[in-house]
Each structure stands twice: as structure tokens, then as C-alpha cells.
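Next come the chains, spelled out residue by residue.
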Amino acid sequence: MKNKYLIGILTLLVLFIASCTTETQKVVTIQPFIGGNDALIVSFDQLRKEVFDGGNDPFDVTIKIQNKGESDVSKTKARVKLSGVKPQEFGRAEQDFLKTPESDLESRKKDASGGVIETSPHFVSFKDINHATAIQGNELAFPLRADVCYLYSTKVVSKLCVKTDLLSTTEGGVCTVNEAKPVFNSGAPLQVQKVQQSAVGKDKLRISFEIKKPGSGEIYRKESNGCELTRDKNKVHVRVDAGMEGLSCTGFDVKSGKGVEGDITLYDGTKIITCDQQINQKGDYETELKIDLSYDHLQTATEEIKVKHAPE
């Protein structure tokens, strides 16, 4: 009986230790960003879709803009343009169809408990638009388009693994040199994927990553002055920083602190970047890899408006 009692106690003790071991081995994945592929969401707000000609039926066009990404947008770096109709036919000059938001468009953020703080919508109004002349026939349909061009950015975080002997094939240690690394992106229409690290020498690491556009809208060169010129399309400003001297990336080697930066061109919405990092401080550790993408983003909303002939 005594032996059975001891065996029972030992069994419970083993199960308790195994349970504690399992708990301590659980890996907690930290999410530094909210994530997602959205930036500014653009739509028409309470648009009258039928108006009359003759200059006696003024109406307003209001554009609703809400920031659903994680990059603040300065009002000085955003432009709202109305097109699809000829301004002069609707009693306006060309400059009347071009406006900026009245205030900055703040991004979504995480609070201290990890919850999401949503943003409020902003409204840009084009007032007292009025079809001045009589149309030919009973009614005409016009496309109405709102183009919002603004400066946006994507913040990216990954990690590098450094070891005293980068070429060692011995497993174990604090991290692994030759493998794909986890990558975290802030909410934005342009993302970084497939961060890969490998050793290419006893004191050199190679880093490759893919820039991809999974979100809607179009990408233009940073501060492109309106997202209009073809030569500015699909241009992205990239900055890479591992917090160490000796970094170089194919295609751009402009020094920026301990990092490098430059402009790249997306082809079919993607681009693979390759960088080499010289390791001067040996040891076994992980270090932060930061990638920043800056670009103008063009988001568009379209509607149809009908102009009817006013009764005599």
C-alpha cells in the first residue's frame, strides 16, 4: 500500500513538472503592428446623382476620406482632385476642382492593452457646382471621379541572427543564421515579404526581401506632385538599417546613418532587394532589421452623375 502511495505521488509530480515545462516552452508571438493592406479609404458622401441643367440647380460634391492604415498623412502632403466633368461647364474654374484636407489624417493605432484606436473620417467638399448651360436632349451621364494623392509609408521589422562563426553548421544556439525570418508590416498598401538570411562569408550576411503591392490604388514616387506623371509611377523610396556599419544593398548605396537608402522601381507590383551586411561585432545574438518604404499613393473613387434637362 505504501509503495502504491509513493508511486501515485511520483506520477503526479512528473505530470506537474511536464505541465510546467510545456507552459514555459510556449512561444508568444508579438505583433508590433495592426497590419493590413489599407491606407486612405475614399468614397463619395451623400452624392446627388441626378441634377438639372440651366444654372438653377446648384449641388455639392463631398469626398469622405478615412485613414485605415498605420501611417499619418499630413494635410500638406495630400491632394484631392475632382475630374470626369469639365469645370467650366459646371460653373467652376480648374483650380476649384483641386483641394487639400482641412486637417491631418491620423492613422489607426494600438492602445496600451493591444486594442485598436479607430480614426474618424474627414470630408472635403466642392460646393455650389452648377451645370450652367442647357444640354442637348433629355439627359446626359457624366463620370465623376475623385483622385486622392498623398504621401504614405510602410514600417517593417524583422531580425538578423549573428553568430561568432557564421559558417558553422552546428545546430543550436540563440538563433539560426540560414533561414527565412519572420517579418512584420505596418498597415499599408505596400508590404515586405520573404525576408531571407544566409551566411556568405565568415563575417558577412546576405539579406534578401521582396517588396509587394497587395493593396489597392497606385504607387508613385515620394512627393510626386500629384500622382500624375508616368515617369513617377511604381517608384518607391527604401531605407534599410540593421543598426551596424557595413551595409550595402544592390541598386542603392546612399549612406543614411548606419543604414542605406535609395529609390527602386516595382515591376508587376513587386521587387526583390538583396543586401550584404558586414559583421564587425562578433558574438551570438539577434538584432533588429528595420525597413522603411516611402511613396505617394493614389486612391480613387468613381460615380456617375446624370444631368437632366430642366422643365421649361
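Residues numbered from 1 in each chain as written. Predicted model: local features only at pLDDT ≥ 70, side-chain atom pairs only at ≥ 80, totals over all residues. Heavy atoms only, no water.

### Concerning the side chain of Asp147
At step 1: With respect to the helices and strands, Asp147 occurs in strand E9 (residues 139-162).
At step 2: Here Asp147 falls in the buried class, since its relative accessible area comes to 14%.
At step 3: Reaching out from Asp147, the side chain makes a polar contact with the side chain of Arg145 at a distance of 2.7 Å.
At step 4: At 2.8 Å, the side chain of Asp147 and the side chain of Thr300 are in polar contact.
At step 5: Filtering out sequence-adjacent residues up to four positions away, Asp147 remains in contact with Arg79, Val80, Lys81, Ser83, Leu298, Gln299 and Thr300. (Helix = DSSP H or I, 4+ residues; strand = E, 2+ residues; numbered from the N terminus. Buried < 20%, exposed > 50% of the residue type's maximum accessible area, 1.4 Å probe, protein only. Polar contact = N/O pair within 3.5 Å; in protein donor to acceptor, adjacent residues only side chain to side chain. Contact = heavy atoms within 4.5 Å.)

### A look at the packing of aromatic side chains
At step 1: Under the criterion given, the structure shown has 4 aromatic pairs.
At step 2: On the basis of an interplanar angle of 80° and a centroid distance of 6.3 Å, the ring pair of Phe97 and Phe126 is categorised as edge-to-face. You can see Phe97 sitting in the loop between strand E4 (78-83) and strand E5 (98-99) and its partner Phe126 sitting in strand E8 (residues 122-129), a full 29 residues away along the chain. Of the two residues, Phe97 and Phe126, both sit in the buried class.
At step 3: Through successive ring pairs, a cluster of aromatic residues spans Phe59, Phe90 and Phe142.
At step 4: The ring centre of Phe126 lies 5.5 Å from the NZ or CZ of Lys99, which sits over that ring. (Phe/Tyr/Trp six-rings, centres within 6.5 Å; stacked < 30°, edge-to-face > 60°. Lys NZ or Arg CZ within 6 Å of the ring centre and 35° of its normal.)

### Observations regarding the state of the cysteines
At step 1: Enumeration over the complete set of coordinates arrives at 3 disulfides.
At step 2: One disulfide bridge connects Cys149 with Cys227, the sulfur atoms lying 2.0 Å from each other. Around the S-S axis, the bridge from Cys149 to Cys227 shows a dihedral of about 70° and counts as right-handed. Of this pair, Cys149 sits in strand E9 while Cys227 sits in the loop between strand E14 (218-220) and strand E15 (235-241); the two residues are 78 residues apart in sequence, bridging distant segments of the chain. (Disulfide = S-S within 2.5 Å.)

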